[in-house]
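An overview of the molecular structure
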There are 2 protein chains.
Amino acid sequence: MKTDIQIAQEAQPLNILEIAKAENIDPKYIEQYGNDKAKISYNLLKEDPDRKNGKLILVTAINPTPAGEGKTTTSVGLADGLHKLGKKVAAALREPSLGPVFGVKGGAAGGGYAQVIPMEDINLHFTGDFHAIGAANNLLAAMLDNHIYQGNALNIDPKRITWRRCVDMNDRQLRNVVDGMGRRVDGVTRQDGFDITVASEIMAVFCLATDLTDLKERLSRIIVGYNYDNQPVTAGDLKAAGAMAALLKDALKPNLVQTLEHTPAFIHGGPFANIAHGCNSVLATKMALHLNDYVVTEAGFGADLGAEKFLDIKCRMTGLVPDAVVVVATVRALKHHGGAAKAELGNENLQALEAGLPNLLQHVGNMCDVYKLPCVVAINRFPTDTEAEIRLVKDKCRELGVNVVLSDVWAKGGEGGEDLAKEVIRLCEEPDKRHFTFAYDVNDSIEEKINAICTRIYHADGADFTAEAKKQIRILTELGFDKMPICMAKTQYSFSDNPNLLGAPKGFRVTIRNVKVSAGAGFLVALTGDIMTMPGLPKVPAAEKIDVDADGVITGLF
Amino acid sequence: MKTDIQIAQEAQPLNILEIAKAENIDPKYIEQYGNDKAKISYNLLKEDPDRKNGKLILVTAINPTPAGEGKTTTSVGLADGLHKLGKKVAAALREPSLGPVFGVKGGAAGGGYAQVIPMEDINLHFTGDFHAIGAANNLLAAMLDNHIYQGNALNIDPKRITWRRCVDMNDRQLRNVVDGMGRRVDGVTRQDGFDITVASEIMAVFCLATDLTDLKERLSRIIVGYNYDNQPVTAGDLKAAGAMAALLKDALKPNLVQTLEHTPAFIHGGPFANIAHGCNSVLATKMALHLNDYVVTEAGFGADLGAEKFLDIKCRMTGLVPDAVVVVATVRALKHHGGAAKAELGNENLQALEAGLPNLLQHVGNMCDVYKLPCVVAINRFPTDTEAEIRLVKDKCRELGVNVVLSDVWAKGGEGGEDLAKEVIRLCEEPDKRHFTFAYDVNDSIEEKINAICTRIYHADGADFTAEAKKQIRILTELGFDKMPICMAKTQYSFSDNPNLLGAPKGFRVTIRNVKVSAGAGFLVALTGDIMTMPGLPKVPAAEKIDVDADGVITGLF
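Conventions used here
Residues numbered from 1 in each chain as written. Chains lettered and ligands numbered in written order. Predicted model: local features only at pLDDT ≥ 70, side-chain atom pairs only at ≥ 80, totals over all residues. Heavy atoms only, no water. UniProt positions renumbered as here; feature names shortened; annotations may be inferred. Helix = DSSP H or I, 4+ residues; strand = E, 2+ residues; numbered from the N terminus. Contact = heavy atoms within 4.5 Å. Polar contact = N/O pair within 3.5 Å; in protein donor to acceptor, adjacent residues only side chain to side chain. Least-squares fit on C-alpha atoms with pLDDT ≥ 70 in both. Pairing = 2+ DSSP bridges. Axes fitted to C-alpha atoms, helices over the stretch in contact; angles between N-to-C directions. Core = buried A, V, L, I, M, F, W, Y, C linked by side-chain atoms within 4.5 Å. Buried < 20%, exposed > 50% of the residue type's maximum accessible area, 1.4 Å probe, protein only. Phe/Tyr/Trp six-rings, centres within 6.5 Å; stacked < 30°, edge-to-face > 60°.

**Concerning the UniProt feature "binding site: ATP" (unreviewed entry) in chain A**
All names here are of chain A.
- Annotation from UniProt places "binding site: ATP" (unreviewed entry) at Thr65, Pro66, Ala67, Gly68, Glu69, Gly70, Lys71 and Thr72.
- Position of glutamate 69 among the secondary structure elements: in the loop between β3 (55–61) and α3 (71–84).
- When sequence neighbours within four positions are dropped, the list of residues in contact with glutamate 69 reads Ile62, Pro64, Val328, Thr330, Ala333 and Asn380.
- A distance of 3.1 Å separates the side chain of glutamate 69 from the side chain of threonine 330, its partner in a polar contact.

So, in structure tokens, the structure goes:
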């Protein structure tokens, strides 16, 4: 069986100018990065502003197993399926982080015959966006510590600095550090720490910005810490926003690449789906919608985290509304939710499969009943799935009135996604009876909003707030930061805040440990449990297998 | 008077494909980065390997003042001057670091009418090379600490780790840190620190590598620390070299841009000139020589550091030999060496000027007498220079038989560099009576090599070695690392190791504080005094003035 990288390297990509031409992009907006990547200027969006947007399809999933359920693969295959059916379509996806590439997960550019290419570039530096975000993050940190060192005119309390440095690497060694050690000229000694670049607020700001001016304003509002009078100190106060925006001005242009089947793909931005909202950039989604009749996009983790934030944060801030939602499920993950052991997931187990279905059904219910969106389940076929297992999922879903389609894009590419594509087209073309609603009113109190997500989306009995969380909510409300949407930071493995509660748990409460504001991004982060913002490498890092030969051909990327 | 960025932004660049065409570069070797930057594949060098190389001109300088003496400006203007005279010529220059851009110095892409463009891009992320180098550096660090955390099979002594993390930013706060704090799962607590990316050994390796295979071999040899048996542990031992090379494979392709006058410029690599050798990449120099009749390149700091390393390290490792050397001097810097106060450098002062000349003469003497190279002095004209001052320098040089030309490229571009260009052509076309020699024999002992540099180049009475340096020399010799060239890490402001000894000091000795091996780069670093590998930001960082408008136009870059 061929590996992903073998399939990708055997592909015959079209020159990116041909892809851009098929998208009717005026050459003046195109900046080539080699023959198979390009950045497209956001100025394109100013042209023909009355053009009717295409249909937006959101791909989300059930609660994942650690291996992922194939949202990106399904998104790529669905776009290829729509393309095969003659639709003008693009995918709008997230950029991978270097951390997982060298850690456990490997690449994140789809899989099998449903991939975006050039997969090696996309998985490594791509067009440098994440490096630009890291540089902007670390410039702000350097200016902050330099300000304190040079006399601290803003009266910043070094004990209350919230801004952390970042690196696009899984490096647990940097989670907790003491810096500014040494002599007086070596800075001010304090506790500090690093996050992985994708967890930086700059990444969230970058993905939510609607243009360069909005980007700069958001950067200015970023809070780096508090002064001795308990007032927030911002990047604007440090006069850092202009230089940060200068570092980000090219990165902000969406990246155009193609799938193995030459379907255009905009791959841009990739914020964490816990500490941030987990969707590709607003600019790329808007650009893809501006140029196409159908756009397939994805949101990180399961629908409880990714889709909820896509809808309650990204859609709320931009006015976007999906025309259809695809919930991806795999037989393996459903068996996992039904109690099958990890080592047994490759074996037929109809009992565990049926026991795991409530997880899927609850996600579908949320999309249809809470958000009032048309929805289809895509069973993302794995080679180990048996016919009986697939039949069981289909039959049970249909019994319960759930719309379900088998997707076989990993093995067959666009052809394997045609059935899903047809159902998505049907949902998009149906007379519009929807009245899309959010899960909560942004003007409610912080506690009310968090409670609404916990009860309506997670189906918990309610949220409990620690003393620290209550204190922070009081302070944030006093500072006027309460009228923002909520970004839940929660385990992706369960509807609850306990990763071991699989399926569709009932009778639990969610503990809110703390609440912090991401003033630049424009949301409040509600933290449940320990949220990892700097992963570590495993015992045998994937990096050990990666190599490049004398001709520059990379091997060992998954 | 227009600023550098205004002049650069008013330029009408040619499409980079036109520049490449004028260089006779087959399109298959070109990777465009937008319309005005391209990477050129190193495979080009395999074609027509018997082609006679062009003439190589090294631009170096007297000991600088903190403002720099205009080596890059002179290099660009000289290339433009040669271009104006109808020669097929390219510049081969270093890439700027982000640190100085946001700190004091501002941009490093030439100045006035002798600049390379797009200056904003070149000064910011350019084509991402430094980010790739930083990522490779930090991947190695993460794999090293992960190895120790996961059981330390290689028996690495955490107290003897020599590998540091890096960031391309002036950030004094990171010079000395303790990392791996927190819980057991947060790594192994140890002292650590960060360097600026340009000071990373990866940068030196990158600039000395002759192809991807050589790069990977050099990366493998990098020493990250020592085990409990006092044996070096390498990147190869950690199985990191393949993934590091994969991160660097595109960065290794030289970058092609143009000057304001459309002269081709290869801008690639930029190692520190103290801890490393301070020259642009071997691959870019070779590519420029392969394609042109004349190539103008530069070496960092003054000729005692930059040219010495260019000749004794880069030329020794590659077989390159300059056909002519240009020593840049400014009236301002000569007055500084003659004792004029910093605030008075703009005022006419013939006495200080004459008193400063020995600094220039000693550099010229080194080039002619030690290295046996044809040499010309370029007086890089500043607006504040008086006619009497320029006449004095010219007259005194001619009296002493020193070849001297006035260069006015900052104000006039290539036209202002034509006289210098003519003299350089004359030197290159003279019947070759040279017998280029190195300053020392690489097979001599470490002490002998260091002594040779100190006495022959610095004109010191000799070198003194601290007990620590003697111990390290003994260990390095035992480990077989003694037959390598020496990379001196010394202040750039003086021939001596004391920055306050200006002019051409006599009767001093140089103290060698320590010696370390850069096994990947292939040289031994001899440390004199405190060498800064992580600068700090000034009271008012240049970043505060940098901005970008709604159309993406950057202001405030110098």
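**Topic: unusual backbone geometry**
- With an omega of 0 degrees, the peptide bond between isoleucine 117 of chain A and proline 118 of chain A qualifies as cis.
- Within the secondary structure layout, proline 118 of chain A lies in the loop between β6 (114–117) and α5 (119–123).
- Unusually for a residue other than glycine, histidine 459 of chain B sits at a positive phi of about 65 degrees.
- Assignment of secondary structure puts histidine 459 of chain B in the loop between α17 (446–457) and β20 (462–465).

**Here we look at the relation of the copies chain B and chain A**
- Expressed as a screw operation, the relation of chain B to chain A combines 0.0 Å of axial shift with a rotation of 180 degrees, fitting to an RMSD of 0.0 Å. With respect to symmetry, the two chain copies, as superposed, fit the operation of a two-fold axis. Closest to the rotation axis within chain B is the C-alpha of tyrosine 33 of chain B, separated from it by 2.3 Å.
- In this assembly the copies share their binding face: 100% of the residues contributing to the interface of chain B also contribute to that of chain A.

**Side note on the sheet that holds strand β21 (residues 486–489) of chain B**
Residues and elements named next belong to chain B.
- Spatially, the 3 strands line up as an open sheet ordered β21-β24-β23, and their pairing is mixed. A strand with exactly one partner marks an edge of an open sheet, and here the two such strands are β21 and β23 (514–518). Within the sheet, the average angular offset between the axes of one strand and its neighbour, ignoring direction, is 25 degrees.
- Where β21 meets strand β24 (residues 523–527), 4 bridges bridge the pair, whose relative direction is parallel. Each residue of the ladder has a partner; that of alanine 489, found in β24, is leucine 527.
- Its contacts with the sheet place α17 against β21, β23 and β24, and it is angled at close to 55 degrees to β21.
- In the packing of helix α18 (residues 467–478) onto the sheet, contacts are made with β23 and β24, and the angle to β23 comes to roughly 30 degrees.

**So, the nonpolar core**
- Judged by nonpolar contacts, the single largest core of 398 residues is most densely connected at Phe102 and Ile450 of chain A together with Phe102 and Ile450 of chain B.
- Apart from residues no more than four positions distant in its own chain, isoleucine 450 of chain B is found in contact with Ala463, Phe465, Ile486, Met488, Ile512, Val515 and Ala526 of chain B.

**Quick notes on the sheet that holds strand β12 (residues 223–227) of chain B**
All names here are of chain B.
- Taken in spatial order, the 3 strands of this open sheet run β7-β12-β13, and their pairing is antiparallel. If you trace the sheet from one side to the other, it starts and ends with β7 (156–161) and β13 (232–234), each paired once. Within the sheet, the average angular offset between the axes of one strand and its neighbour, ignoring direction, is 50 degrees.
- Bridge analysis of β12 against β13 gives 3 bridges, and the strand direction is antiparallel. Paired with isoleucine 223 across the strands is threonine 234, a residue of β13.
- Strands β7 and β12 of the sheet are contacted by helix α6 (residues 129–149), whose axis makes an angle of about 130 degrees with β7.

**Some points on the packing of aromatic side chains**
- With the rule as written, the count across this model stands at 6 aromatic pairs over all chains.
- Pairing phenylalanine 194 of chain A with phenylalanine 194 of chain B gives two aromatic rings, centres 5.3 Å apart and planes at 5 degrees, and the pair type is stacked. Here phenylalanine 194 of chain B lies in strand β11 (residues 194–196) and phenylalanine 194 of chain A lies in strand β11 (residues 194–196), a pairing that spans two chains.
- Residue classification places phenylalanine 194 of chain A among the buried positions, given a relative accessible area of 3%.
- In textbook terms, an aromatic cluster arises when at least three aromatic residues are bridged by ring pairs, as seen for Tyr371, Phe436 and Phe438 of chain A.

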